[in-house]
Amino acid sequence: MIARLRPKFGLEEFIAAWKGTKGEQDIITFEEEFASLLQVKHAISFPYGRTGLILLLKALDLENQEIICPAYTCVVVPHAIVYSGNEPIFVDSQELDFNMNLDLAEKAINENTGAIIATSIFGYPVDLEKIKKIRERYPHLKIIQDCAHSFAAEWKGNPVYKAGDAAIFGLNISKLMSSIFGGMVTTDDDILAERLRHLRASYIKVPTKMKEWQRRLYITATYPSFYPPIYSFINRLERSGLLDRLTKYYQDGSIDMPSDYLIGMSGVEANVGRVQVKKYRDIIMHRRAMAEYYNQSLRGVDALQLPLLEEGATYSHYVIRVKNREKVMSFMLRKGIQLGQLIEYCIPEMEAYKNRQGNRYNYTVASTMAKETINLPLWVGRGQANRCISKLKDYFRR
Ligand SMILES: *Cc1c(COP(=O)(O)O)cnc(C)c1O
């Protein structure tokens, strides 16, 4: 079976996970290498991207404020806003690139607005010209770039993660690069970095040896689990709902955090992350090439809405839109190809958020995207991509 995602973990990551750790020194080295990859002054690691966001909002002195974020983003983002003592205000998306509509975001600004979380969803860079205008009109407003899907995506040659007060990154195994779990906040602002490190020291517990062993076992389990026959078996278990408690990262009705969200990144994770930093450029080049290949090959299938190819995009996902998602996905699964349906919700419509203050606008675009998006595997080579392409064409030819 072809899995919808697969981390680029090889022998080097395995060895890195199992070698001895040097405690804090591993973390510092990973942070330095991450910062140097992105050419930023500070990279500060956290157990999850969402933990980084909670403490970043605190470090920016935001409390009881409205934080503008996309209606169509990962649900852990508003969860983090709520945990930080602020209120997420949702804004609809734009058709073209799945990103938040920044004109609507600007209209949502009022005297209680503390920050905008600009998100480059699926790796599509946010429009930095619009961000710049918003900053000029509202100089007190904080801009946070959520780069969990985009990493070093560039808008007209300018890195998105530098266009704001700070940027957040997610490093779990579904991201462009991974340290098993983990998250990072980057900034060029020395004072902000100092405050954030200080907050981290007081809120985040030092990881135990136990956490290191858990992470070693987890990464070891990912190797066979992405091996096709085993993956098929796991996929069947997943669909039966038996694994929900282990694999589902959200519940429609609750705003919560994982139990270890305040336990620091372990040295094992940092060492795996260091290997991935070296692979980053190759990973992105491969994904760009595959996105282009899919677009060329699927052109002409009328029932598919193909994604935009954009200079500077990094393609965390290759996202097509169809009207009958469930049918397409189950047909493909019968042919041995698992497709993804990320992001399959519009947050203000979710049980946990529909009655909150942040649900105050119209979310037609996000709501439709949530029902229509499918993503094709980008980790694959040409051979497997060809299988996906020909099965998709079969489906739409019937
Ligand atoms: C993954 C992700 C994050 C952070 O996720 P963590 O699981 O907390 O590391 C933030 N924003 C978006 C859009 C994401 O996809």
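Residues numbered from 1 in each chain as written. Predicted model: local features only at pLDDT ≥ 70, side-chain atom pairs only at ≥ 80, totals over all residues. Heavy atoms only, no water.

*Asks:* Hey, could you run me through the pattern of salt bridges in this one?
*Replies:* Two side chains of opposite charge can pair, provided their charged atoms sit close to one another. Evaluated as defined, the whole model comprises 22 salt bridges. Glu31 is the salt-bridge partner of Arg200, the closest N and O atoms lying 2.8 Å from each other. Within this pair, whereas Arg200 is found in helix 7 (residues 190-203), its partner Glu31 is found in helix 2 (residues 24-38), the two being separated by 169 residues in sequence. For the residue pair Arg200 and Glu31, the accessibility class agrees, reading buried in each case. Through salt bridges with shared partners, a single ionic network connects Glu95, Arg321, Lys323 and Glu372. (Salt bridge = Lys/Arg side-chain N within 4 Å of Asp/Glu carboxyl O. Helix = DSSP H or I, 4+ residues; strand = E, 2+ residues; numbered from the N terminus. Buried < 20%, exposed > 50% of the residue type's maximum accessible area, 1.4 Å probe, protein only.)

*Asks:* Before we go on, may I ask you to explain the packing of helix 11 (residues 267-298) against helix 14 (residues 382-397) in this structure?
*Replies:* Axes are the key here: two packed helices are described by the angle between their axes and the distance separating the axes. The interhelical angle for the contact between helix 11 and helix 14, taken along N-to-C directions, is 30°, at an axis separation of 11 Å. One way to sum up the angle between helix 11 and helix 14 is to call them roughly parallel. Here helix 11 and helix 14 pass one another in a crossing that is right-handed. Contact residues: Met290, Tyr293, Tyr294, Ser297 and Leu298 in helix 11; Arg382, Ala385, Asn386, Cys388, Ile389, Leu392 and Lys393 in helix 14. (Axes fitted to C-alpha atoms, helices over the stretch in contact; angles between N-to-C directions. Parallel < 35°, antiparallel > 145°, perpendicular 65-115°, else oblique. Left-handed = near helix turned anticlockwise from the far one by under 90°. Contact = heavy atoms within 4.5 Å.)

*Asks:* What is the right way to read the site of the ligand from this model?
*Replies:* Around the ligand, the structure places 14 residues, and the nearest of them are Gly49, Arg50, Asp146, His149 and Lys175. Between the ligand and Gly49 there is a distance of 2.7 Å, counted from an oxygen atom to a backbone nitrogen or oxygen. With respect to the ligand, the side chain of Lys175 contributes an N or O atom lying 2.7 Å from an oxygen atom. Taken together, the elements giving at least two residues each to the shell around the ligand come down to helix 3 (49-59) and helix 4 (76-83). Its residues assigned to classes, the shell around the ligand shows five nonpolar, six polar and three charged. (Near = heavy atom within 4 Å. Polar contact = N/O pair within 3.5 Å; in protein donor to acceptor, adjacent residues only side chain to side chain. Nonpolar A, V, L, I, M, F, W, Y, C, P; charged D, E, K, R; others polar.)

*Asks:* What is the right way to read helix 8 (residues 209-225) from this model?
*Replies:* Quick reminder: α-helices carry 3.6 residues per turn. Residues three or four places apart thus point the same way. End to end, helix 8 covers 25 Å across 17 residues, agreeing with the expected 24 Å (1.5 Å per residue, within 8%). Burial in helix 8 covers these residues: Lys211, Glu212, Arg215, Arg216, Ile219, Thr222 and Ser225. As for helix 8, its buried residues are in contact with helix 1 (11-18), helix 9 (228-239) and helix 11. (Expected span 1.5 Å × (residues − 1).)

*Asks:* Would you mind going over the sheet that holds strand 1 (residues 42-46) with me for this structure?
*Replies:* Paired through backbone hydrogen bonds, the strands of a sheet run either parallel or antiparallel to each other. Sheet architecture is open: seven strands sit in the order 1-9-8-5-4-2-3, paired in mixed fashion. Pairing within the sheet leaves two strands with one partner each, and these edge strands are strand 1 and strand 3 (87-91). Pairs of neighbouring strands in the sheet enclose a mean axial angle of 25°, with direction left out of account. Where strand 2 (residues 66-70) and strand 4 (residues 113-119) come together, three bridges link them in parallel fashion. (Pairing = 2+ DSSP bridges.)

*Asks:* It is not clear to me how the packing of aromatic side chains should be interpreted in this structure. Could you clarify?
*Replies:* Aromatic ring pairs are described here by two measures, namely the spacing of the ring centres and the angle between the planes. One pass over the structure, following the stated rule, counts 24 aromatic pairs. With 5.5 Å between their ring centres and 20° between their planes, Phe226 and Tyr231 make a pair best called stacked. Take Tyr231: its relative accessible area is 9%, and that puts it in the buried class. Ring geometry for Tyr250 against Tyr345: centres 4.9 Å apart, planes inclined by 70°, an arrangement best described as edge-to-face. Linking Tyr250 in the loop between helix 10 (244-247) and helix 11 with Tyr345 in the loop between helix 12 (325-334) and helix 13 (364-372), this pair joins segments that are 95 residues apart in sequence. When its relative accessible area of 8% is taken as the criterion, Tyr250 is described as buried. A residue is classified by how much of its surface remains accessible, and Tyr345, at 5% relative accessible area, is buried. Within the aromatic cluster, the residues linked to one another by ring pairs are Phe30, Phe34, Phe151, Tyr161, Phe169 and Tyr280. Over the ring of Phe46 we find Arg200, and its NZ or CZ is 6.0 Å from the ring centre. Arg216 extends its terminal NZ or CZ atom over the ring of Trp213, reaching a point 4.6 Å from the ring centre. (Phe/Tyr/Trp six-rings, centres within 6.5 Å; stacked < 30°, edge-to-face > 60°. Lys NZ or Arg CZ within 6 Å of the ring centre and 35° of its normal.)

*Asks:* Can you help me understand the environment of Ile219 in this one?
*Replies:* Locating Ile219 in the fold gives a position in helix 8. With 38 residues separating them in the primary sequence, Ile219 and Phe181 have C-alpha atoms 9.6 Å apart. Beyond its immediate stretch of four places on either side in the chain, Ile219 contacts Phe9, Glu13, Ala17, Ile180 and Val272.

*Asks:* Please clarify how the side chain of Thr222 should be interpreted in this entry.
*Replies:* Topologically, Thr222 is positioned in helix 8. In this view, Thr222 contacts Phe9 and Ile173; residues no more than four positions away in its chain are not counted.

*Asks:* In this structure, what is going on with the layout of surface pockets? I would like to understand it.
*Replies:* The probe, sized like a water molecule, is rolled over the atoms to show the empty space still left. The calculated volume of the second largest pocket comes to roughly 400 Å³. Taken together, 20 residues line the second largest pocket, and the ones lying closest to its centre are Glu24, Ile27, Val206, Pro207 and Met265. Tallying contributions element by element places helix 7 first for the lining of the second largest pocket, with three residues. (1 Å grid on protein atoms, 1.4 Å probe; cavity = no way out; pocket = protein on both sides within 12 Å on 5 of 7 lines; lining within 4 Å. Points joined across faces, edges and corners; volume = space filled by probe spheres on them.)

*Asks:* Looking at this structure, how should I read the environment of Gln338?
*Replies:* Structurally, the position occupied by Gln338 is in the loop between helix 12 and helix 13. Residue classification places Gln338 among the buried positions, given a relative accessible area of 7%. The spatial distance from the C-alpha of Gln338 to the C-alpha of Leu376 is 8.2 Å, given a sequence separation of 38 residues. Contacts of Gln338, omitting those with residues within four sequence positions, involve Met1, Ile2, Ala3, Arg4, Tyr231, Asn235, Leu333 and Pro377.

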